[in-house]
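Structural features, examined
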Amino acid sequence: MAHVLIIGAGGVGSVVTHKCAQVSEVFSSITLASRTLAKCTAIAAQVKERTGVTVAVEQVDADNVAETVALIKRLQPDLVLNVALPYQDLPLMDACLETGVDYLDTANYEPPDEAKFEYKWQWAYRERFAARNIMALLGSGFDPGVTNVFCAWAQKHHFDEIHQLDIIDCNAGDHGQAFATNFNPEINIREITQRGRYWEHGEWVETDPLSWSMSFDFPEGIGPKKCYLMYHEELESLVHNIKGLKRARFWMTFSEQYLTHLRVLENVGMTRIDPVVYQGTEVVPLKFLKAVLPEPASLGPLTQGRTCIGCLFKGVKDGREKQLYVYNICSHEEAYREVGSQAISYTTGVPAMIGAMLMLTGAWKRPGVWNMEEFDPDPFMAALNRHGLPWQVIES
């Protein structure tokens, strides 16, 4: 039915490729492209072994618009699915604009020289995408992504107004490594070390990095964990699109071991993103640190335990106060058995496939640049249950 061009061959790229291959009635042709062709070839071989589906592979530098344009023109895909680095969002959107092809990503743009991610750069493409009669779907991962859809679903079915939103992300898994990140170390550490930020009474309030914490009792036997307030990109769009929102926050769990290592690395300058000169060569400390840390894709067979990511809502329905908790629990071991990746990659890759599927089948189709909560949440919620990320609801 449709040809998808997946760009990015890391852990999430592997999951997306596997999951697209499982839905061959929609994704009748799959091409996986990356700067490193060997990574694409390895993933294609794994997909062939698990599903019997043949995945084509290509080499492309996603920072090079002309190179990407040439590849798109040669392959003629129906959709470009971007699971490369956030730095590449704008070059890939430029390539889609030039070729007239729909676009999807899982994380918003972040300039390489500044640890700051926000939607203004991508929202600036709205009129051009609409005029070209093509669509861009932003942030179709889990958070952002599924969390946005949870919000739209809660707003549609359970609340007249949502007043308070807490997005709470827990990785209760253990990979046994002294210090490792579950997705790209460079992006992960940049995200965690920036200042916290939350929405309250119509304005943004900033906090020092990881300076606010709370304890949350996670369901299904995971139990109480310490969570830290961070800024996360879905908050930026949700405060525009969720009616009546007075406070919105994002929380994530970290082990004390992880935080201790992170503090030491910060204190000695290893998380810096500005270049330093070493023996006459400019080196970015964080990029060097990324090179010596375990590759996130290598953590799949090592990681045990579960993730729990969900949204806690407080609001009003029919004049009465109401609380709702919508969440997903994902097993690292089950994810690895199915697609050879740990649950962090799985929980991002599955929603990327679902977003692409809804675009290609016309369930979500509208020219312009859109965030997840701006579409009908029901088909996405149903697809989560079918494709490996079932959700639960606790109402009070």
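As shown above, the structure is provided for reference.
For the structure given in this document, a descriptive report is provided here. (Residues numbered from 1 in each chain as written. Predicted model: local features only at pLDDT ≥ 70, side-chain atom pairs only at ≥ 80, totals over all residues. Heavy atoms only, no water.)

1. Section: the overall build of the chain
The cut-off we apply is this: Helix and strand assignments follow DSSP, with helices taken as H or I runs no shorter than four residues and strands as E runs no shorter than two, numbered in order from the N terminus. The globule rule used for comparison is 2.2 Å times the number of residues to the exponent 0.38, while the radius of gyration itself is calculated over C-alpha atoms. Partly exposed residues are those whose accessible area sits between 20% and 50% of the maximum for their type, while under 20% is buried and over 50% is exposed, using a 1.4 Å probe and protein chains only. Between two residues, a contact is recorded if the distance between any of their heavy atoms is within 4.5 Å. To measure how exposed things are, a 1.4 Å probe is used in the Shrake-Rupley method; for residues, cover is taken only from the protein chains shown. In this tally, Asp and Glu contribute negative charge and Lys and Arg positive charge; neither His nor the terminal groups of the chain are included. Each charge is placed at NZ for Lys, CZ for Arg, CG for Asp and CD for Glu.
When you go through the chain residue by residue, the secondary structure sums to 14 helices and 18 strands. Taken over C-alpha atoms, the radius of gyration comes to 20 Å for the chain, in line with the 21 Å a tight globule of 396 residues would show. Projecting the C-alpha coordinates of the chain onto the three principal axes gives extents of approximately 55 × 55 × 40 Å. In the chain, buried positions account for 57% of the 396 residues. Expressed as a percentage of contacts within the chain between residues at least 6 apart in sequence, the contacts between residues at least 24 apart total 72%. If you sum the accessible surface of the chain, you get close to 16,000 Å²; carbon and sulfur atoms cover 48% of it. Averaged over its 35 positive side-chain charges, the chain has a centre that lies 2 Å from the centre of its 49 negative ones.

2. Thoughts on the packing of aromatic side chains
For the record, the criterion: Side-chain rings of Phe, Tyr and Trp (the six-membered ring for Trp) are treated as a pair once their centres are within 6.5 Å; stacked means planes under 30 degrees apart, edge-to-face means over 60, and tilted covers the remaining angles. Throughout this description, the term charge over a ring refers to an Arg CZ or Lys NZ atom that lies within 6 Å of the ring centre and within 35 degrees of the ring normal.
As enumerated under the stated definition, the model contains 17 aromatic pairs in all. Seen in terms of ring centroids, Trp364 and Phe380 are 5.4 Å apart; in terms of plane orientation they differ by 20 degrees. Their pairing is stacked. You can see Trp364 sitting in the loop between helix H13 (343-361) and strand S17 (368-371) and its partner Phe380 sitting in helix H14 (residues 378-386), a full 16 residues away along the chain. Of the two residues examined, Trp364 and Phe380, each falls in the buried class. An angle of 75 degrees between the planes, with centres 6.1 Å apart, marks the rings of Trp370 and Phe375 as edge-to-face. Judged by its relative accessible area of 19%, Trp370 falls in the buried class. Given a relative accessible area of 6%, Phe375 falls into the buried group. Taking the ring centre of Trp204 as reference, the NZ or CZ of Arg197 above it sits at 4.5 Å. Between the NZ or CZ atom of Lys322 and the centre of the ring of Phe159, over which it lies, the distance is 5.6 Å.

3. Digging into unusual backbone geometry
Pro144 follows Asp143 through a cis peptide bond whose omega is 10 degrees. Its identity as a non-glycine residue notwithstanding, His201 has a phi of 50 degrees, on the positive side. Looking at the secondary structure, you find His201 in the loop between strand S8 (196-200) and strand S9 (203-207). Positive phi is not limited to glycine here, since Gln279 has a value of about 50 degrees. Position of Gln279 among the secondary structure elements: in the loop between strand S13 (276-278) and strand S14 (281-283).

4. Considering the environment of Gly310
Relative to the elements of secondary structure, Gly310 occurs in strand S15 (residues 306-317). Note on Gly310: relative accessible area 0%, which makes it buried. In the structure, Gly310 is positioned 48 residues away from Leu358 in sequence and 22 Å away in space, judged by C-alpha atoms. Here Gly310 is in contact with Phe150, Asp166, Ile167, Ile168, Tyr325, Val326 and Tyr327, once residues within four sequence places are set aside.

5. So, helix H3 (residues 65-75)
In plain terms, the rule: The arc in question is the one traced by the directions running from the helix axis out to the C-beta atoms. Here a polar contact is taken to be a pair of N or O atoms separated by no more than 3.5 Å, where protein atoms must pair a possible hydrogen donor with a possible acceptor and residues adjacent in sequence count only if both atoms sit in side chains.
Those residues of H3 that fall on the buried side of the exposure criterion are Thr68, Val69, Leu71, Ile72 and Leu75. When H3 is viewed along its axis, its buried side chains cluster within an angular range of 165 degrees and face the same direction. Residues Ala66 and Arg74 are exposed on H3 and point more than 90 degrees away from its buried face. If you follow the buried residues of H3, they end up packed against strand S1 (2-7), strand S2 (27-34), strand S3 (56-59), strand S4 (79-82) and helix H4 (89-99). Between the side-chain oxygen at the start of H3 and the backbone nitrogen of Ala66 there is a gap of 3.2 Å, and the oxygen is on Asn64. Note on H3: the residue one or two positions beyond its end, Gln76, has a positive phi of about 55 degrees.

6. Quick look at the nonpolar core
Rules: Take the buried residues of types Ala, Val, Leu, Ile, Met, Phe, Trp, Tyr and Cys, join any two whose side-chain atoms come within 4.5 Å, and each joined set is a nonpolar core.
Counting residues in hydrophobic clusters, the biggest one holds 91 residues, and the most contacted among them are Phe27, Phe150 and Phe313. It is H13 that provides the largest number of residues to this core, a total of 11 residues. Not counting residues up to four positions away in its chain, the partners in contact with Phe27 are Ala2, Val4, Cys20, Met353, Ala356, Met357 and Leu360. Listed in part, the 27 residues of the second largest apolar core include Ala33, Leu92, Cys96 and Tyr103.

7. Quick word on the sheet that holds S3
Cut-off, in case you're wondering: Each pair of strands is called paired provided DSSP finds at least two bridges between the two strands. Between N-to-C directions, angles span 0 to 180 degrees; the directions come from axes that are lines fitted to C-alpha atoms, helices contributing only their stretch in contact.
Ordered in space as S3-S2-S1-S4-S5-S6-S17, the seven strands form an open sheet in which the pairing is parallel. In this open sheet, the two edge strands, each paired with only one partner strand, are S3 and S17. On average, adjacent strands in this sheet sit at an angle of 20 degrees to one another, irrespective of strand direction. Examined bridge by bridge, S1 and S4 share four bridges and lie parallel to one another.

8. So, the pairing of strand S16 (residues 320-331)
With respect to burial, S16 is a largely interior element, nine of its 12 residues being buried. Here 12 bridges tie S15 to S16, and the two strands are oriented antiparallel to one another. Looking across to S16, one finds that Lys314 is bridged to Gln323.

9. What about the environment of Pro294?
Its location among the elements puts Pro294 in the loop between helix H11 (285-292) and S15. Expressed as a C-alpha distance, the spacing of Pro294 and Asn184, which sit 110 residues apart in the sequence, is 9.9 Å. Leaving out residues up to four positions away in the same chain, Pro294 has contacts with Gln177, Phe179, Ala180 and Leu299.

This is a description of form; function is not addressed.
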